[in-house]
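Chain by chain, the residues:
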Amino acid sequence: QVQLVESGGGLVQPGGSLRLSCVASGTIISINNIKWYRQAPGKQRELVATITSGDSTNYADSVKGRFIISRGNARNTVYLQMNSLKPEDTAMYYCNAVMIWGTGYWGQGTQVTVSS
């Protein structure tokens, strides 16, 4: 099993930046990739960014060029650096770990609000 804890959300003005963290514990050696999703009120959950065990990355078109997903030196922490934030980035952000056998685990989420 894997446990995920997100942090770093908050209130930021348009154009500002935030860095979200996702700390994984448990059987982290069997994690295949880690993804960040977001869900705004009344909308479906949206995949934002992915980082694989080999550190390849992929982004949704809506955040490409503004968000960066990366892994910490300890490799059990994944970051989402969010720059040039827009009001439409407002959502609950969730970390998702996908195991090599396909099972997925979710964190509890961290709220990001972009507003003046």
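What you see is a predicted model; the values in this text were computed from it and never measured.

### A look at the packing of aromatic side chains
- Scanning the entire structure with this criterion turns up two aromatic pairs.
- Where Y37 meets W106, the ring centres are 5.0 Å apart and the plane angle is 55 degrees; that geometry is what we call tilted. On the criterion of sequence distance, the pair formed by Y37 in strand β4 (residues 31–39) and W106 in strand β10 (residues 104–106) is long-range, its members being 69 residues apart.
- Between Y94 and W106, the aromatic rings sit 6.4 Å apart at their centres with planes inclined by 85 degrees, giving edge-to-face as the arrangement. With Y94 in strand β9 (residues 91–99) and W106 in strand β10, this residue pair connects regions lying 12 residues apart in the sequence.
- Accessibility expressed as a relative area gives 15% for Y94, which makes it buried.
- Chaining the aromatic ring pairs together yields one cluster made of Y37, Y94 and W106.

### Section: the environment of I31
- In this structure, I31 sits in strand β4.
- Judged by relative accessible area, which is 12%, I31 ranks as buried.
- For the pair formed by I31 and I100, sequence separation is 69 residues and the distance between their alpha carbons is 5.9 Å.
- Setting aside chain neighbours within four positions, we find I31 in contact with V2, A24, S53, A97, V98, M99 and I100.

Scoring rules and cut-offs
Residues numbered from 1 in each chain as written. Predicted model: local features only at pLDDT ≥ 70, side-chain atom pairs only at ≥ 80, totals over all residues. Heavy atoms only, no water. Phe/Tyr/Trp six-rings, centres within 6.5 Å; stacked < 30°, edge-to-face > 60°. Helix = DSSP H or I, 4+ residues; strand = E, 2+ residues; numbered from the N terminus. Buried < 20%, exposed > 50% of the residue type's maximum accessible area, 1.4 Å probe, protein only. Contact = heavy atoms within 4.5 Å.

Worth remembering: the numbers are spatial, not functional.
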